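# Understanding the architecture of this molecule
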Amino acid sequence: MKDKRVRYRTESPKETVGLGVTLGRLLQAGDLIVLTGELGCGKTWFTKGIALGVGVSPHEVVTSPSFALMNEYEGLCTLFHMDVYRLETPEDFLDTGLDECFDGRGIVVMEWGDKWPEILPECRLNVIFSMLGEQSRELLMTGEDPRVIEILEGLRNQALE
Ligand SMILES: Nc1ncnc2c1ncn2[C@@H]1O[C@H](COP(=O)(O)OP(=O)(O)OP(=O)(O)O)[C@@H](O)[C@H]1O
Ligand SMILES: [Mg+2]
């Protein structure tokens, strides 16, 4: 199946948060978003936006769960925010039991999840960040599952140029 690709560009952290908010509003329990890109490219800022869009209180501080591996937030549904940078192998990941979060109870946002695509559910929205400049980021969103294509079409209709 051919994948769908939608490209966005942001020029500030605020714009990246805004794009995350728009995406978050379109999400529901069971959706998986995999964020890829070098250190400091904006994955956590984008996740802050997703959390706001999902209805998590703005008073909740969304920080990188690099040491905790996973933080859980409650909005209109549960949001699991993972950062698997420190894990080395798919077995390390499976040993943590974090894959239980893929059971549909909540939305999962995974930083560095692209390390082992083979253990991830097929139905996932990939967001690949590139640093274009100090404040400039490209976010390339791809996916091929019909649910993901629906999300991307919703995003294109609501967002942005
Ligand atoms: N357009 C932009 N979008 C997002 N962040 C930006 C942008 N321009 C500059 N920044 C800065 O880049 C940094 C992004 O940090 P963030 O923690 O979101 O990165 P990350 O990809 O999660 O890194 P890590 O891999 O360490 O978890 C912040 O310091 C932010 O201020
Ligand atoms: Mg991060």
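These remarks concern the structure in this document. (Residues numbered from 1 in each chain as written. Chains lettered and ligands numbered in written order. Predicted model: local features only at pLDDT ≥ 70, side-chain atom pairs only at ≥ 80, totals over all residues. Heavy atoms only, no water.)

It is worth spelling out the coordination of the magnesium ion (ligand 2) at this point. Only Thr44 (OG1), Ser64 (OG) and Glu111 (OE) from the protein reach the magnesium ion (ligand 2) as donors, at distances of 2.1 to 2.7 Å. Coordination of the magnesium ion (ligand 2) draws on donor residues from a single chain, spaced T-x19-S-x46-E in sequence. Placement of the pair is serine 64 in the loop between helix H2 (43–54) and strand S3 (70–74) and glutamate 111 in strand S5 (residues 106–111), with a sequence separation of 47 residues. Its relative accessible area of 2% is what places glutamate 111 among the buried residues. (Donors = N, O, S within 2.8 Å, 3.2 Å for Na, K, Ca; no water. Helix = DSSP H or I, 4+ residues; strand = E, 2+ residues; numbered from the N terminus. Buried < 20%, exposed > 50% of the residue type's maximum accessible area, 1.4 Å probe, protein only.)

The subject of this paragraph is the pattern of salt bridges. Using the criterion set out here, one finds 7 salt bridges in the structure. Ionic pairing is found between arginine 9 and glutamate 11, a salt bridge with its closest N-O pair at 3.0 Å. Assessed through its relative accessible area of 37%, glutamate 11 is described here as partly exposed. Via salt bridges that share partners, Asp31, Arg147 and Glu150 belong to a single interconnected network. (Salt bridge = Lys/Arg side-chain N within 4 Å of Asp/Glu carboxyl O.)

Before going further, it helps to examine the site of ligand 1. Close contacts around ligand 1 come from 20 residues, with Thr16, Gly40, Lys43, Thr44 and Gln135 the closest. For ligand 1, an oxygen atom lies 2.9 Å from a polar atom in the backbone of glycine 40. Contact distances for ligand 1 include 3.1 Å between an oxygen atom and a side-chain N or O atom of glutamate 111. Summarising the interface, the protein chains cover 77% of the accessible area of ligand 1, which totals 650 Å² for the free molecule. Listing elements by their share of the shell around ligand 1, those giving two or more residues are helix H1 (13–26) and H2. (Near = heavy atom within 4 Å. Polar contact = N/O pair within 3.5 Å; in protein donor to acceptor, adjacent residues only side chain to side chain. Areas by Shrake-Rupley, 256 points an atom, 1.4 Å probe, with all protein chains shown as cover.)

Okay, H2 next. Between its first and last C-alpha atoms H2 spans 16 Å; for 12 residues at 1.5 Å apiece the expected length is 16 Å, and the two agree. Counting buried positions along H2 gives 9 out of 12 residues, so the element sits mostly inside the fold. For H2, the elements touching its buried residues are H1, strand S2 (32–36), strand S4 (78–83), S5, strand S6 (125–131) and strand S7 (137–143). In the stretch just after H2, glycine 55 is the one whose phi turns positive, near 100°. (Expected span 1.5 Å × (residues − 1). Contact = heavy atoms within 4.5 Å.)

Here we take up the packing of aromatic side chains. Inspection of the entire model under this criterion finds 4 aromatic pairs. Seen from their ring centres, phenylalanine 93 and phenylalanine 102 are 6.2 Å apart, and the 35° between their planes marks the pair as tilted. By relative accessible area, which is 0% here, phenylalanine 93 ends up buried. Residue classification places phenylalanine 102 among the partly exposed positions, given a relative accessible area of 21%. Aromatic pair phenylalanine 93 and tryptophan 116: ring centres 5.7 Å apart, planes at 35°, arrangement tilted. Of this pair, phenylalanine 93 sits in helix H3 (residues 90–96) while tryptophan 116 sits in the loop between S5 and S6, and the two are 23 residues apart along the sequence. Three or more aromatic residues joined by ring pairs make a cluster, and in this case those are Phe93, Phe102 and Trp116. Here the guanidinium or amino end of lysine 48 rests over the ring plane of tryptophan 45, the centre of that ring lying 5.0 Å away. (Phe/Tyr/Trp six-rings, centres within 6.5 Å; stacked < 30°, edge-to-face > 60°. Lys NZ or Arg CZ within 6 Å of the ring centre and 35° of its normal.)

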